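For reference, the chains in residue letters:
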Amino acid sequence: MAHGAYLHDLRFWKNRRFITSTFIFAVVASLCVFVLLPTFYLISFTLTRWTEVYADVFANPLIGDENWMQILRYLSFSLRLSIVAVALDFLFGIPLAYFLARKQFLGKSLLEDIITLSLVIPTSGFGVATLLTWTGVSGLGVLLGRGVVEASYVVPIVNVPFLMLLVHVALTFPYVVRTLQGKLENLEPIFAQASRTLGASAFTTFRKIIFPLSIPALFSGGVLAFARSLGETGATMVVASIHTTAPMAIVRWVSEFKLATASFLGFLLIIFATIAILLVDVFVQRIGAFKTPKSNTLARIGHQVLRTEKVLSGKLRWLKDIASLAAVLTIVILPIIVVLTSVGAYWSLDPDTGKYQGSVLYQLFGPPNYFSSLMSATLTSVLVAVISTYIAACIAIPSVYLIKRYRAGGTLRHLLRIPLIVPSSALGLSVLLLWGPSGLNLATPGIWLIVLTHIVFSVPVVMEPTIAVYEGSGISMYEGVARTLGATPYDAVETISIPMLKRGILAGVILSFTRSLGETGATFLVMGSDVTVPPLVVNMVESLAIPAALFASAYLIALSLILLLLFRIVVRK
Amino acid sequence: MPDVKLVKARKTFDKGRIVAVDQVSLHVRDKEYFSLVGPSGCGKTTTLRMIAGLVEPDEGEIFIGDKLVTSLPPEDRDIGYVFQQYALFPNMDVWDNVTYGPTVKAWTEKKRERIGREMLEMVKLYDRADAIPDELSGGMMQRVALSRALAAGSKLLLLDEPLGALDAKIRNELRYEIRKLVNDLELTAIHVTHDQAEAMAVSDRIAIMKKGRILQVGTPYELYMKPQEIFVANFIGESNFLEGRVVRLTDDIATIRLRGDLKVRARRNEASKRNERVVLAIRPEAFEISKRQRKSVNELKGVVEKVRFEGTDIRYELRLANDDSVIVVRPSLGGEWFKHNDKITISFSPDKTHTFLYPPQGLLTELELE
């Protein structure tokens, strides 16, 4: 009897171990095949075909190293643009995050929604909105009778195109605001209170206490913003005019079949992004014991600084809040309003020329027949988003367990953050070369290749919010409680963990869905003839079908507003 | 000189739904060690935070010295504040923490060095000046926090549960250390705690708070010997409460009939007329206990139901003849010990009792801590 029970236990135990190792193998294998391999394939591709790449980039028989010169030009242009954009993100984002973390006010959740909106908005639609707002007659220029700026206008001193800078700031500042706001909300208020009771003004407290303590958050928000800016394609292509960024160059070169040059540039972008995130991760970990350096030189001018800070803490403190709020409204909300109202203005006539050929109606339903291409693109977009999000969720949720339960999980998590920050056109190229006709020939450009591309970034997108919920919920404690009450490990996961993680999973799924819906850079390279909506918008702008682009943008923005609403319901519940 | 006055201060949270502090008026005298004591949520910390300027009152006025500070930010109030969770800045070492006040007040380098050294030597941690806060024990961190609060030069020290996060032994040592510092430096101290024993041990005067109001202010002696409310009698020390009715009144003695027709004589206090319903409070340590009857006043018979040896004291739970239950505490090193089921007689002197009117909402509600 006792012997039998023992045998039963043993079999059960062995069986469980078998299941566990099969599970781990399956998850790790799918992570490698669907996420990590495509991310890093471009690196091995470039290195294994180095002679070919070298010949094309550095020693072209016709143009010598002109391709290399171009790569350098585009790369330095992109880096400059991203650095300036992140600097502006900090300038507006830090006061805004501080404001949101510390104040309760009417419309706070609306403001937070606006910030989330620029994370979920399909970027090519937003690009059209910005383009119209600043260069069109129906935008800010309505009073002047012409656009406020030329599309090619370059901001002096920093030497960066104005419109590109605007869209990049609008699309990247939420990373800074949200990371910093989260950190500030978790920061014990007693540190600031202690500083105030010791005689420091609000501004001095910020400089000496709050700012040093939130430097890690600033860095991780900054690197996310930087990576997003470096890889941004959709909006950038729309507002580009005569300028070319590095990701745009990849798209162009691939369409010209200059694969070697394109892959070398993609290789460089992946290396940059990887180094950036690894550096920041190491730095942030080290900075846990961060100490403010002692400075005696500063003490001399200290008196003056302290007096100024005292004044700033008093009557002038609202200035910074107003300035950053105004910036957000101008760069995010204004374009959206303009695009929505312009659809009305262009509905039956071009308000500029008065011609029917320039109207939304004509371009949608007349001979250009953009409406049917828009509808078939929508179908493709939704199909891709549904399939890739579903597969990504199936891979991501078990991965969360691996990451949190096993010691190697930390490394895996670092690796899986790389697809998030690799410029998506490099990613698309990588997938194209791996699975496409010139690689394993598993799929030709088209819907399945798009799905394979979108899975790569969707897995980490689903995973990150799920991990965040996991870490904040004490799940392992509750699972332990369930085990002491007699639940098997699998019961505990099913009855305790999955319901607790549900909010994180849902949030991740919606984010992944919107990201897939708005993705432009990578999709361009792998879509073949199965056009999704964002590239369609770019094509409309490039063929100067502005009214159709307007309508499609408004349509995309409306779609993302609905998704945002969903996201909000899920997250706030 | 820093005396502190609150005039009808009121603070609500959650759009007025929660009244944290309700019309509190208070005068803390110069150089006094004053404690605010009460159960969690009684408003004591909010009161302290209003004095510090960390919370602004909805109504009422606050004076520090002769200065009206009601809407002044904390940095302009010239106070020292010690937090329960120490709140040492994690991005600075001990030295920078302690000299933070002098630094942000832009005192001269020389003065800063001198004060920092003095303050750290005072709490015997000068040799740890280079340590980062995480490397210190809880007691050390709180001593650093204390010297940091004092280094800013204020004569008013506000202590918010300063010992709450420490181990019992350290807590006892540090409470006397703080008391001595306050004496030596001639400070005014306001100390918030839920631990009545801690407050009794160090305070000149104590205010007992409950549900946002001050019930009684007095010296530890007054609160123990002359509690003005049932809640105070129970919160400071401990009391047995016996319900009864007044049957006879003389100048200072009320004769009270308890349940089961037991008659006892007690101090008259609030009892004002015959047949009034009252509660008689007697401290567990006020009883004599014996196996024999001694024919003295106020003798009640009973049986020992539980005995608990607590080191210094022995604690008996008795069942009286009328089925009332009574706790008696006797020093374990003096007198006779009793066992479970021993038949005993307890007695008490009338002037060690307090009589209160029976609370209209019931005794248990009155004694509730939250």
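Here the structure is a predicted model, which means the values were calculated and not measured. (Residues numbered from 1 in each chain as written. Chains lettered and ligands numbered in written order. Predicted model: local features only at pLDDT ≥ 70, side-chain atom pairs only at ≥ 80, totals over all residues.)

Colleague: I tried to follow the overall build of chain B on my own but got confused; where do I start?
Modeller: When helices and strands are tallied, chain B shows 10 helices and 20 strands. Along the first, second and third principal axes, the C-alpha atoms of chain B reach 75 × 45 × 35 Å. Long-range pairs, those at least 24 residues apart, make up 66% of the contacts in chain B with a sequence separation of at least 6. (Helix = DSSP H or I, 4+ residues; strand = E, 2+ residues; numbered from the N terminus. Contact = placed C-beta atoms within 7 Å.)

Colleague: Quick question: what am I supposed to make of the overall build of chain A here?
Modeller: Helix and strand content of chain A: 23 helices and 2 strands. In summary, chain A has a C-alpha radius of gyration of 26 Å against a globular reference of 25 Å for 573 residues, a match within 12%. Here the C-alpha coordinates of chain A stretch approximately 95 × 70 × 50 Å along the principal axes. In chain A, which comprises 573 residues, the proportion classed as buried is 48%. Within chain A, contacts between residues at least 6 apart in sequence are counted, and of these 79% link residues at least 24 apart. (Rg over C-alpha atoms; globule rule 2.2 N^0.38 Å. Buried ≥ 20, exposed ≤ 12 C-beta atoms within 10 Å, placed from the backbone.)

Colleague: Got a minute to help me understand the sheet that holds strand 15 (residues 288-290) of chain B in this structure?
Modeller: Hydrogen bonding along the main chain pairs the strands of a sheet, whether they run parallel or antiparallel. Residue and element names in this part refer to chain B. An order of 15-19-16-17-18 is seen for the 5 strands of this open sheet, with the pairing classed as antiparallel. Of all strands in the sheet, those with a lone pairing partner are strand 15 and strand 18 (325-331), marking the two edges. Strand-to-strand twist across the sheet, computed as the mean angle between neighbouring axes with direction ignored, equals 40°. Across 3 bridges, the pairing between strand 15 and strand 19 (residues 343-347) is antiparallel. Residue Glu288 lies in a different strand from strand 19, and its bridge partner there is Ser347. (Pairing = 2+ DSSP bridges. Axes fitted to C-alpha atoms, helices over the stretch in contact; angles between N-to-C directions.)

Colleague: What is the right way to look at the domain arrangement of chain B in this model?
Modeller: Accessible area lost upon the coming together of the parts serves often as the stated size of an interface. As assigned here, chain B comprises domain 1 (4-232) and domain 2 (238-359). Computed over C-alpha atoms, the centres of domain 1 of chain B and domain 2 of chain B are 39 Å apart. (Domains from an automatic or database assignment.)

Colleague: Explain unusual backbone geometry here, please?
Modeller: Excluding glycine, residues mostly carry a negative phi; peptide bonds, for their part, are mostly trans. Residue and element names in this part refer to chain B. One non-glycine residue with positive phi stands out, namely Asp14, at about 55°. Here Asp14 lies in the loop between strand 1 (4-13) and strand 2 (18-28). Judged by the 8 C-beta atoms lying within 10 Å of it, Asp14 falls in the exposed class. Of note, Lys124 is a non-glycine position whose phi angle comes to about 60°, a positive value. For Lys124, the position within the fold is in the loop between helix 4 (109-122) and helix 5 (138-151).

Colleague: How should I be thinking about the nonpolar core in this particular structure?
Modeller: Soluble globular proteins tend to pack their nonpolar side chains together in the buried interior. Ranked by internal contacts, the top residues of the largest apolar core, which has 162 residues, are Val128(A), Ile250(A), Ala273(A), Val459(A), Leu550(A) and Ala552(A). Apart from the residues within four sequence positions on either side, Val128(A) is in contact with Val238(A), Val339(A), Val537(A), Val541(A), Ala549(A), Leu550(A) and Ser553(A). Ile51(B), Tyr81(B), Leu318(B) and Ile346(B) belong to the second largest nonpolar core, which has 104 residues in total. (Core = buried A, V, L, I, M, F, W, Y, C linked by C-beta atoms within 7 Å.)

Colleague: Got a minute to help me understand the packing of helix 18 (residues 447-473) of chain A against helix 20 (residues 489-518) of chain A in this structure?
Modeller: The packing of two helices is summarised by the inter-axis angle and the distance between the axes. All names here are of chain A. Following both chains from N to C, one finds helix 18 and helix 20 inclined at 155°, their axes separated by 8 Å at the closest point. Here helix 18 is positioned roughly antiparallel relative to helix 20, judged by the angle of their axes. Crossing of helix 18 against helix 20: the hand is right-handed. Partitioned by chemical class, the residues of the contact of helix 18 with helix 20 number 14 nonpolar, 8 polar and 3 charged. (Parallel < 35°, antiparallel > 145°, perpendicular 65-115°, else oblique. Left-handed = near helix turned anticlockwise from the far one by under 90°. Nonpolar A, V, L, I, M, F, W, Y, C, P; charged D, E, K, R; others polar.)

Colleague: Teacher, can you tell me more about the pairing of strand 17 (residues 313-320) of chain B here?
Modeller: Successive side chains on a regular strand alternate, one facing one side of the sheet and the next facing the other. All names here are of chain B. Sheet topology note: the strand 16 (residues 299-309)/strand 17 ladder contains 7 bridges and is antiparallel. Among the inter-strand pairings, Gly302 is bridged to a residue of strand 17, identified as Leu320. What sits between the antiparallel neighbours strand 16 and strand 17 is a turn of 3 residues, in which Gly311 has the positive phi angle 90°. One ladder, built from 7 bridges, connects strand 17 with strand 18; its direction is antiparallel. By the bridge assignment, Glu317 is partnered in strand 18 with Ile327. In sequence, strand 17 turns back onto strand 18 through a hairpin of 4 residues, with Asp323 there showing a positive phi of about 80°.

Colleague: Just to check I follow, could you spell out the confidence of the model for chain B for this structure?
Modeller: The predicted coordinates should not be examined in detail at positions where pLDDT is low. Per-residue pLDDT for chain B averages 91, and the proportion of residues at 70 or more is 99%. The ipTM assigned to the predicted complex is 0.80, against a pTM of 0.77. (pLDDT = per-residue confidence, 0-100.)

Colleague: Explanation requested: helix 7 (residues 189-197) of chain A in the structure shown.
Modeller: Turn by turn, an α-helix covers 3.6 residues, leaving residues three or four places apart pointing in a common direction. Residues and elements named next belong to chain A. Burial analysis of helix 7 places 7 of its 9 residues in the buried class, which makes it a mostly covered element. Considered for burial, the residues of helix 7 that qualify are Phe191, Ala192, Gln193, Ala194, Ser195, Arg196 and Thr197. Where helix 7 ends, the next residue or the one after it, Gly199, has phi of about 105°, a positive value.

Colleague: Would you mind showing me how to read the pairing of strand 2 of chain B here?
Modeller: Residue and element names in this part refer to chain B. Pairing analysis gives 7 bridges linking strand 1 to strand 2, with the strands arranged antiparallel. Considered in strand 2, the bridge of Thr12 is made with Val19. Two successive antiparallel strands, strand 1 and strand 2, enclose a turn made up of 4 residues, where Asp14 displays a positive phi of approximately 55°.

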